[in-house]
Amino acid sequence: MKKILKFFPIVFLFFISVVMNANVNKQEKQILEEFYKDTKGYQWIAKWDLSKKIDTWHGVLVEDGHIVEIDLHQNGLEGVIPSSLGDLSKLRVLNLAFNKLTGPIPISLVQLH
């Protein structure tokens, strides 16, 4: 029993570390990086540091390892919304209001549930 009690804190800390540092999968990260480039992220008001974890990026909410919200209203985005955003299957909120985006809304976004 003593061995189990000594081992429990290590397992618990490892579990908390994994949960707290959870990040999105490679595909979702690539989608956001493409979005950043396509909308001239280098000119945004609140830029993303692509070398940091996604859950630290302005306007991005991550839950259970998936991107569930992107809120970049009034952030100086320009260009076309890439259709790959529709591949973020867990996305619940997308707020890109008051930016300089052009072109149609990709059908892939309209088809998200």
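Just so it is clear, the model here is predicted, and its values are computed rather than measured.

**A short note on the side chain of N75**
By the element assignment, N75 lies in the loop between β2 (66-71) and β3 (78-80). Only 2.8 Å separates the side chain of N75 from the backbone nitrogen of A46, close enough to count as a polar contact.

**Digging into the pairing of strand β1 (residues 60-63)**
Burial along β1 is one-sided: the face carrying V60 and V62 is buried and the face carrying L61 and E63 is not. Bridge count between β1 and β2: four bridges; the pairing is antiparallel. Within β2, the position partnered with V60 by the bridge is I70. Hairpin connection of β1 to β2: two residues between the antiparallel strands, including D64 at a positive phi of 50°.

Calculation criteria
- Residues numbered from 1 in each chain as written.
- Predicted model: local features only at pLDDT ≥ 70, side-chain atom pairs only at ≥ 80, totals over all residues.
- Heavy atoms only, no water.
- Helix = DSSP H or I, 4+ residues; strand = E, 2+ residues; numbered from the N terminus.
- Polar contact = N/O pair within 3.5 Å; in protein donor to acceptor, adjacent residues only side chain to side chain.
- Buried < 20%, exposed > 50% of the residue type's maximum accessible area, 1.4 Å probe, protein only.
- Pairing = 2+ DSSP bridges.

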